[in-house]
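These are the residues of each chain, in order.
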Amino acid sequence: MADRYLEYLSREHARLEDKIRQESKRPRPDEVLIARLKKLKLALKDQMQSWAGPRPSPDRLTA
């Protein structure tokens, strides 16, 4: 499950990067849109890092 979710996040990250690149190439790029896309991309990156980080082993869980 986690691997599939990480793959999804990675695809979304790449899709946002592509949209940012496309918008930046326009004669008059929408800077607000680019900023919004960059924030979304950063949020995805943070989420990928938190999912890919070390998981506590079941014997180390505390109540």
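**A closer look at helix 1 (residues 2-25)**
In a regular helix each residue adds 1.5 Å, so 24 residues correspond to 34 Å; helix 1 covers 35 Å between its end C-alpha atoms and thus fits that length. Within helix 1, the full set of buried residues consists of Leu9, Leu16, Ile20 and Glu23. Looking at the packing, one finds that the buried side of helix 1 touches helix 2 (31-52).

**A look at the pattern of salt bridges**
Enumeration according to the criterion identifies five salt bridges in this entry. A salt bridge links Glu12 to Arg15; the nearest nitrogen and oxygen atoms lie 2.9 Å apart. Separated by three residues within a single helix, Glu12 and Arg15 lie in helix 1, roughly one turn from each other. Residue class for Arg15 comes out partly exposed when judged on its relative accessible area of 38%. For Lys41, the salt bridge goes to Glu17, with nearest N and O atoms at 2.2 Å. Note that Lys41 is positioned in helix 2 and Glu17 in helix 1, a separation of 24 residues in sequence. Through salt bridges with shared partners, a single network forms among Glu17, Asp18, Arg21 and Lys41.

**Structural notes on helix 2**
The terminal C-alpha atoms of helix 2, which comprises 22 residues, lie 31 Å apart, in line with the 32 Å expected from a rise of 1.5 Å per residue. Taken residue by residue, helix 2 has Ile34, Leu37, Lys41, Leu44 and Met48 as its buried positions. Within helix 2, the buried residues cover an arc of 85° as seen down the axis, which keeps them to one side. Structural note: helix 2 exposes Glu31, Val32, Arg36 and Lys39 on the side pointing more than 90 degrees away from its buried face. Structurally, helix 2 contributes buried residues whose contacts are with helix 1. The distance from a side-chain oxygen at the start of helix 2 to the backbone nitrogen of Val32 is 3.1 Å, and the residue carrying that oxygen is Asp30.

**So, the nonpolar core**
Taken as a class, soluble globular proteins show a tendency for nonpolar side chains to be buried jointly. Of all hydrophobic cores here, the largest spans seven residues; its members are Leu9, Leu16, Ile20, Ile34, Leu37, Leu44 and Met48. Every element with two or more residues in this core is listed here: helix 1 and helix 2. The dominant element in this core, judged by the number of residues it contributes, is helix 2, at four residues. Setting aside anything within four residues of it in sequence, one finds Ile20 in contact with Ile34, Leu37, Lys38 and Lys41.

Criteria and cut-off values
Every residue gets a number counted from 1 within its own chain, in the order that chain's sequence is written. The model is predicted, so local features are restricted to residues of pLDDT at least 70 and side-chain atom pairs to those at 80 or more, both for listing and for counting; the totals for chains, interfaces and linings are taken over all residues. Side-chain numbers here rest on the full set of heavy atoms in the structure, without hydrogens or water. Secondary structure elements are taken from DSSP: a helix is a run of H or I of four residues or more, a strand is a run of E of two residues or more, and numbering for both begins at the N terminus. Given the number of residues in a helix, its expected span is that number minus one, multiplied by 1.5 Å. When accessible area is computed with a 1.4 Å probe and restricted to protein chains, residues below 20% of their type maximum are described as buried, those above 50% as exposed, and intermediate ones as partly exposed. We call two residues in contact whenever any of their non-hydrogen atoms come within 4.5 Å of each other. Note on definitions: salt bridges are taken to be side-chain nitrogens of Lys or Arg within 4 Å of carboxyl oxygens of Asp or Glu. Arc, as used here, means the arc of the directions from the helix axis to the C-beta atoms. Throughout this description, a polar contact denotes any pair of N or O atoms lying within 3.5 Å of each other; where both atoms belong to protein, one of them has to be capable of donating a hydrogen while the other can accept it, and for residues adjacent in sequence the pair is counted only when both atoms sit in side chains. To define a nonpolar core, start from buried Ala, Val, Leu, Ile, Met, Phe, Trp, Tyr and Cys residues and group those joined through side-chain atoms within 4.5 Å.

Note that all results are geometric; they support no functional claim without further evidence.
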